[in-house]
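# Results of the structural survey
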Amino acid sequence: MPPMLPRHATALIAVAALLAGGCNRQKPVKVVTEKVQRRNLTETVTGSGKLQPVVQVKISSEVAGEIIELPVKEGQAVRKGDLLVRVKPDLYAATLRSQEASLKSAEADVLTAEANARKAEAELKRNEDLFSRQLISGSLFDEVRTGAEVARAGAIASAQRVEMARAGLKRSQEDLARTTIFSPIDGTVSKLNSELGERVSGTGMMAGTEIMTVADLGEMEARVEVGEIDVVLIRPGFTARLDVDSFKDRKFEGRVTQVARSAKTAAVGTQQESTKFEVRIRMADKGLFLPGMSVTADIETRYRTNVLTVPIQAVTTRLPGSKAGDPAAKKDAKTEAAEAEGKGQIEFVGGKKARDTVKPIEVVFVKEADKARMLPVKRGISDDSHYEILEGVAEGQEIVTGNFKAVSKDLDDGATVEMEEPKKTQASKP
C-alpha cells in the first residue's frame, strides 16, 4: 500500500493542477463582426491626369519673317475665318512677281520655238522634193532633216519650261498666301506664344514656330493614365465619375471615348519603371473647365446586382490545416510560408521535383458562439469597401471583420473569440 501524502502536499498538487489548466486554456481573441449581406457592387478603375480640349489646333508658321499683325490676345474668342496673324509679305510678293515674269518669258520662248519648228518643217519639205529629183546630196538632206527634228524638240522643251514656270508661280502664290493665317475653327485662343514684331521661321517641309493654340473649350475631355493591369477592363462607352481639383466637393460625369493601344513607359530600367495607358473621357458638363486642370477619374468597369458581400478587411489568407491551439502546426505553417517566399513554389532536390509548396488560400472567419470557424471563399468583383463572394458563405452569417491583427494574424480555425468592447469617448473638459 503506497504511503499517505501529508495533507499540505495534496493541497499543493491541486493548486498546481489548477494553474496548469489555466495556462493551457486558450486566451480569447477580441473581434468585431458584421453579417453577410446582399448589396449592389460597382467595380471601378481609378486614373489621374489633365483636362484638355477635344479639339485644339496649334497654329504654326509655314513661312519665315516678321509678325506685322497680331490682332488677337490670349483668352479671346475667335470665329472660323478670323485673322489670327500676318507675316511681313514683301519678300514673297517680290518672288511672286519674279515668277510671273518667268512665266511670261517661258510663254514667249514657246512661240519662238514653235515658229522655228514650222520653219524647219517647211525647209524639210522643200529639200525632200529636191532630194527626190537628185538635185541635192544626201548629206545636205540629212542635215536639213536633223535641223527639223531639233526644232520640234526645242518646241516641246519650251512647252515644258512653261509648265515649270507655272508651278513656280503657284508655289510663290501659296507662300504669299501663307503669310496670312486665319482661324480654322470656332474657339478660343488658349495659348499665345509670340508677340507683334517677333520673327518666326518655317517652311512647307518642316514644322515652323508655334505662334498660338486655338481650342474649342466647350468640349473638354479628361486624359488619364491607367495601369496595364486595369486597362484591359475598360471599353469605350463606360461611365466615369470625375473629381476636378478646381471644383471642391463636386462630382462630374463623363463617358470613355478612347482607350490607347500603345503604352507610355516611365523611368525605364529603374525600380520606379511603370507602364501606363492613356484613356480619354468626354466631360458631360460644358463651359466650366480650362485646359491643364488636374482630374481624377473613377471608371465603372463591372456591375453586380443583389450579390453576397463582405467587407474587404474580412478576407485574409491562411495556409490550409492550421488549427487553433496547435503551436507546432502554426509554426510549421509560418515556416512553410517563409520557405515558399524564399524558394519559390516548387522545391527541387538533385534536379528532381521533391514536393509542391502549400499555397495560402483566401478565407473568412465566421463567429459561431465563442469560436471562429475558418471558411475558404472565392471572390468576385469589389468596390471601395466590399468584396463579392461567389462561394463559401451564406447570407446572415456573422463574419469577423476586425481588428486587423486578429484577422490577419491571430485567428485560426477553432480559435476562441469574444466581442471587442466599443471604445469609450472621453468627455471634453469644460
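Up top is the structure.
Right, let's walk through the structure included here. For clarity, every value in this text was computed on a predicted model and none was experimentally measured.

### Overview of unusual backbone geometry
- Across the junction of glycine 402 and asparagine 403, the peptide omega takes the value 0°, indicating a cis bond.
- Mapped onto the secondary structure, asparagine 403 falls in the loop between strand S24 (398-402) and helix H5 (404-410).
- In this structure, asparagine 306 is a non-glycine residue whose phi angle is positive, near 55°.
- Relative to the elements of secondary structure, asparagine 306 occurs in strand S16 (residues 294-311).

### A closer look at the sheet that holds strand S6 (residues 83-87)
- Spatial strand order, S7-S6-S4-S9: four strands in an open sheet with antiparallel pairing. Each end of this open sheet is capped by a strand with a single partner; those strands are strand S7 (180-182) and strand S9 (199-200).

### Concerning the environment of threonine 301
- Positionally, threonine 301 belongs in strand S16.
- You can call threonine 301 buried: its relative accessible area is 11%.
- Each C-alpha atom of the pair threonine 301 and arginine 235 lies 8.0 Å from the other, and the pair is 66 residues apart in sequence.
- Setting aside anything within four residues of it in sequence, one finds threonine 301 in contact with Glu43, Thr44, Val45, Leu233, Ile234 and Phe238.

### Let's talk about the sheet that holds strand S8 (residues 187-192)
- Reading across the sheet, the four strands line up as S3-S10-S8-S5 and stay open at both edges, with antiparallel pairing between neighbours. Among the strands making up the open sheet, the edge pair consists of strand S3 (56-60) and strand S5 (77-78).
- Here S3 runs beside strand S10 (residues 210-215); their pairing, made up of five bridges, is antiparallel. Paired with valine 57 across the bridge in S10 is valine 214.

### A short note on the packing of helix H2 (residues 90-132) against helix H3 (residues 138-178)
- Contact geometry of H2 with H3 gives a least axis separation of 7 Å together with a crossing angle of 165°. The angle between H2 and H3 places the two elements in the roughly antiparallel class. Classified by chirality, the crossing of H3 by H2 is left-handed.
- Its residues placed into classes, the contact of H2 with H3 shows 21 nonpolar, twelve polar and twelve charged.

### Some thoughts on H2
- Here H2 spans 63 Å end to end across 43 residues, near enough to the 63 Å set by a 1.5 Å rise per residue.
- Listed in full, the buried residues belonging to H2 are Tyr92, Ala93, Leu96, Leu103, Ala106, Val110, Ala113, Ala117, Ala120, Leu124 and Asn127.
- Buried positions along H2 lie against H3.
- Trailing H2 by a residue or two, glutamine 134 shows a phi angle of about 60°, which is positive.

### Digging into the pattern of salt bridges
- Taken as a whole, this structure holds 26 salt bridges when the rule is applied.
- With its nearest N and O atoms 3.8 Å apart, the salt bridge here joins arginine 79 to aspartate 186. With arginine 79 in the loop between S5 and S6 and aspartate 186 in the loop between S7 and S8, the pair connects residues that are 107 residues apart, well separated along the chain.
- Take arginine 79: its relative accessible area is 56%, and that puts it in the exposed class.
- Between aspartate 142 and arginine 145 there is a salt bridge whose closest N-O contact spans 3.0 Å. Of this pair, aspartate 142 and arginine 145 both sit in helix H3, separated by three residues, roughly a single helical turn.
- Residue class for aspartate 142 comes out partly exposed when judged on its relative accessible area of 36%.
- Among the residues examined, arginine 145 registers a relative accessible area of 39% and is labelled partly exposed.
- Residues joined in a network through salt bridges with shared partners are Glu221, Arg223, Lys264, Glu278 and Arg280.

### Points about the packing of aromatic side chains
- Counted under the stated rule, the structure contains three aromatic pairs.
- Their ring planes at 80° and their centres at 5.7 Å tell us that phenylalanine 247 and phenylalanine 289 sit as a pair that is edge-to-face. Of this pair, phenylalanine 247 sits in the loop between strand S12 (239-244) and strand S13 (251-259) while phenylalanine 289 sits in the loop between strand S15 (274-283) and S16, and the two are 42 residues apart along the sequence.
- Plain terms: the ring middles of phenylalanine 252 and phenylalanine 289 are 5.1 Å apart, the flat faces sit at 80° to each other, and that makes the pair edge-to-face. Note that phenylalanine 252 is positioned in strand S13 and phenylalanine 289 in the loop between S15 and S16, a separation of 37 residues in sequence.

### Observations regarding the pairing of S12
- Of the two faces of S12, only one is covered, namely that formed by Ala240, Leu242 and Val244; the face formed by Thr239, Arg241 and Asp243 stays uncovered.
- Hairpin connection, S12 to S13: the antiparallel pair is bridged by six residues, and aspartate 249 has positive phi, about 55°.
- Of the pairings in the sheet, the one linking S12 to S16 comprises five bridges and is antiparallel in character. Note that in S16 the partner of aspartate 243 across the bridge is threonine 296.

### A closer look at the nonpolar core
- In terms of nonpolar packing, the biggest core is built from 25 residues, with Leu51, Leu242, Val279, Ile281 and Met283 touching the most fellow members.
- Within the residue set of this core, elements represented by two or more residues are strand S2 (37-53), strand S11 (220-227), S12, S13, S15 and S16.
- With sequence-adjacent residues up to four places away left out, methionine 283 is seen in contact with Leu51, Met220, Glu221, Ala222, Leu242, Val244, Phe252, Glu253 and Phe289.

### Structural notes on the pairing of strand S22 (residues 378-382)
- Bridging between S22 and strand S23 (residues 386-391) involves three bridges; their strand directions are antiparallel. Bridge pairing in S23 links serine 382 to tyrosine 387.

Rules of the game
Residues numbered from 1 in each chain as written. Predicted model: local features only at pLDDT ≥ 70, side-chain atom pairs only at ≥ 80, totals over all residues. Heavy atoms only, no water. Helix = DSSP H or I, 4+ residues; strand = E, 2+ residues; numbered from the N terminus. Pairing = 2+ DSSP bridges. Buried < 20%, exposed > 50% of the residue type's maximum accessible area, 1.4 Å probe, protein only. Contact = heavy atoms within 4.5 Å. Axes fitted to C-alpha atoms, helices over the stretch in contact; angles between N-to-C directions. Parallel < 35°, antiparallel > 145°, perpendicular 65-115°, else oblique. Left-handed = near helix turned anticlockwise from the far one by under 90°. Nonpolar A, V, L, I, M, F, W, Y, C, P; charged D, E, K, R; others polar. Expected span 1.5 Å × (residues − 1). Salt bridge = Lys/Arg side-chain N within 4 Å of Asp/Glu carboxyl O. Phe/Tyr/Trp six-rings, centres within 6.5 Å; stacked < 30°, edge-to-face > 60°. Core = buried A, V, L, I, M, F, W, Y, C linked by side-chain atoms within 4.5 Å.

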